[in-house]
Amino acid sequence: MPYRLLKFGLERAYSAPRMFRSPPTLRDSYDVVIFGGGGHGLAAAHYLAHEHGIRDVAVLEQRYIGHGGTGRNTAIIRSNYLTEEGARFYEFSVDLYRDLSRALDFNLFYSERGHFTLAHTPASLRTQRWRAEVNKHLGIDSEVVDPAFIKETIPEIDLTCGGHQPPIVGALYHPPGAIARHDAVAWAYARGADQGGVEIHQQTSVTGIEIADGKVAGVHTDRGFIKTRKVLSAVAGWTPQIQRMVGLRTPLTVHPLQALVTEPYKPWLDAIVVSASLHTYVSQSSRGELVAGASLDPYELTSMRSTLDFAEGLAGHMMDLFPFLGHVNVLRQWAGLCDMTPDFSPIMGTTPVGGFYIDAGWGTWGFKASPVCGYTMAHTVATGEDHELIRAFNLARFGGFELVGEKGAASVGH
């Protein structure tokens, strides 16, 4: 062990400050209360403090920072979506991510890898061409490539899938596709919010929301009552429980989504590989681990358990793409919760309940939107009006039948 590290470990007084404070008590009132200590909630708190000067904010997390979807995803970042609304929204998030390590003064291990969405049939390839044209129209770097390009970029891939699946006939290639360290995003936004004066309260559960004359009047917690006129719910898979507290109905359904990571290996996979047909996606982390996932579990369930069936199915499809992985050991697997909407787009912004704001419906694509969600929801909470980038995602679209259909670009968990 290096002498300097040993010396640091034995010091009584550390020169480095804590990542963020842990206030011992809740105050009686706050200007804004945010439910959820994940990337979205913490980013909103950070931007409220630093962009809008609103510092009297409390973030309430029922477990610990990053316990939910932020700490249980595969950390893929991209903007090659199918609709104009979706593509613009995620492109803004990618722009924020590119500068986020500098802006937050924290190494997020942001790494552009290039993102391949494989097509195994002519019909799938047509969808990828459609996405490419939408992306190009909006100035997003995306193009359809042939099998030769895929093989040259990823020499280890088996374009025939071993004969067990339809062969790869092309792909949508998105060069800005990237990965980042997901827990670092939560920590960095938590530190930024704390430095702006925000209070972060872990191990604090919301038990009820007080409504008076159709507006938020306060929040009940297991640590006491808080007076507030503005509440932002950013709790992903726990959104149905929160919406019932204010009498809202949304079309959300909650499904588990599982992933796994292998033991670390010498770097060989620089790109991010996604196969919608095989319901498989994989990238290699900065530590050499293969991080992989599959599609949603088919049943509605609020549970974060993992299953052998998932591991077996994903391993088989991974070997269809990369046959030499048969000897690789799985290090661990896990599950998260995905709150799905009928059109595969989020629910964001104002609601019929005055002072109650929602950031939900993130399905399998919430991590990549963390910066833009925080930025736009902070604006919405501060002004009381939906930011222009999220107007199409308001809950009211379901009543007006104005859906934003993103299933073609978001139907695989990545």
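Scroll up a little and you will see the structure.
Residues numbered from 1 in each chain as written. Predicted model: local features only at pLDDT ≥ 70, side-chain atom pairs only at ≥ 80, totals over all residues. Heavy atoms only, no water.

*Asks:* Just checking my understanding: could you explain the sheet that holds strand β4 (residues 111–112) for this structure?
*Replies:* Note on sheets: strands pair through backbone hydrogen bonds, and any given pair is parallel or antiparallel. Spatially, the three strands line up as an open sheet ordered β3-β8-β4, and their pairing is antiparallel. In the strand order of this sheet, the two ends are held by β3 (76–77) and β4, each with one partner. Taken together, the two bridges between β4 and strand β8 (residues 178–179) define a ladder with antiparallel strand orientation. Each residue of the ladder has a partner; that of Ser111, found in β8, is Ile179. (Pairing = 2+ DSSP bridges. Helix = DSSP H or I, 4+ residues; strand = E, 2+ residues; numbered from the N terminus.)

*Asks:* Would you explain the environment of Met348 in this entry?
*Replies:* As for its position among the elements, Met348 is in strand β19 (residues 347–350). Residue class for Met348 comes out buried when judged on its relative accessible area of 0%. Taking the C-alpha atoms as reference points, Met348 and Ala392, separated by 44 residues in sequence, lie 8.7 Å from one another. Not counting residues within four places of it along the chain, the set of residues in contact with Met348 comprises Phe89, Ile358, Asp359, Trp362, Cys373, Thr376, Met377, Ile390, Phe393, Asn394 and Leu395. (Buried < 20%, exposed > 50% of the residue type's maximum accessible area, 1.4 Å probe, protein only. Contact = heavy atoms within 4.5 Å.)

*Asks:* Can you help me understand helix α9 (residues 308–321) in this one?
*Replies:* Since the α-helix packs 3.6 residues into each turn, any two residues three or four apart lie on the same face. Relative to the 20 Å expected for 14 residues at 1.5 Å per residue, α9 spans 20 Å between its end C-alpha atoms, a close match to the ideal helical length. Among the residues of α9, those classed as buried are Phe310, Ala311, Leu314, Met318, Asp320 and Leu321. (Expected span 1.5 Å × (residues − 1).)

*Asks:* Before we go on, may I ask you to explain the layout of surface pockets in this structure?
*Replies:* Empty space among the atoms becomes apparent when a probe as large as a water molecule is rolled across them. Its volume calculated, the largest pocket comes out at about 770 Å³. In this structure, the largest pocket is lined by 49 residues; those nearest its centre are Gly68, Gly69, Val235, Ala236 and Trp238. Mapped onto the lining of the largest pocket, the elements with two or more residues apiece are α2 (39–52), α8 (239–245), β14 (253–262) and β18 (330–340). Residue contributions to the lining of the largest pocket peak at four residues, all from β18. (1 Å grid on protein atoms, 1.4 Å probe; cavity = no way out; pocket = protein on both sides within 12 Å on 5 of 7 lines; lining within 4 Å. Points joined across faces, edges and corners; volume = space filled by probe spheres on them.)

*Asks:* Can you help me understand the packing of aromatic side chains in this one?
*Replies:* We describe a pair of aromatic rings using the distance from one ring centre to the other and the angle between the two ring planes. Enumeration according to the criterion identifies 16 aromatic pairs in this entry. A centroid spacing of 5.9 Å and a plane angle of 25 degrees characterise the contact between Phe344 and Trp365, whose relative ring orientation is stacked. One end of the pair, Phe344, is in the loop between β18 and β19; the other, Trp365, is in the loop between β20 (356–360) and α10 (370–383), and 21 residues separate them in sequence. The class for Phe344 is buried, based on a relative accessible area of 14%. Among the aromatic residues, those joined into a ring-pair cluster are Tyr81, Phe89, Tyr90, Trp362 and Phe393. (Phe/Tyr/Trp six-rings, centres within 6.5 Å; stacked < 30°, edge-to-face > 60°.)

*Asks:* Honestly, empty space enclosed by the protein in this entry has me stumped. Any pointers?
*Replies:* The final tally for this structure, using the stated rule, is one cavity of 30 Å³ or more. Space inside the largest cavity adds up to approximately 40 Å³. As for the largest cavity, its lining consists of Gly68, Gly69, Arg72, Val235, Ala236, Gly237, Trp238, Met304, Gly336 and Leu337. Taken together, the residues that form the lining of the largest cavity break down as five nonpolar, four polar and one charged. (Nonpolar A, V, L, I, M, F, W, Y, C, P; charged D, E, K, R; others polar.)

*Asks:* What's the story with the packing of α2 against α10 in this structure? I'm lost.
*Replies:* Describing two packed helices takes the angle between their axes plus the distance from one axis to the other. Running from N to C, α2 and α10 cross one another at 55 degrees; their axes reach a closest spacing of 7 Å. When the axis of α2 is compared with that of α10, the two are oblique. With respect to the hand of their crossing, α2 and α10 are arranged in right-handed fashion. Together, Gly39, His40, Ala43, Ala44, Tyr47, Leu48, Glu51 and His52 of α2 and Ser370, Pro371, Cys373, Gly374, Tyr375, Ala378, His379, Val381 and Ala382 of α10 make up the contact between the two elements. Residues that form the contact of α2 with α10 fall into these classes: ten nonpolar, six polar and one charged. (Axes fitted to C-alpha atoms, helices over the stretch in contact; angles between N-to-C directions. Parallel < 35°, antiparallel > 145°, perpendicular 65-115°, else oblique. Left-handed = near helix turned anticlockwise from the far one by under 90°.)

*Asks:* What's the story with the pairing of β14 in this structure? I'm lost.
*Replies:* On a regular strand, each side chain points to the face opposite its neighbour's, so the side chains alternate between the two faces of the sheet. Within β14, nine of the ten residues are buried, which leaves it mostly tucked inside the rest of the structure. Note: β14 against strand β17 (residues 290–296), four bridges, orientation antiparallel. Pairing of Leu260 across the sheet is with Ala292, part of β17.

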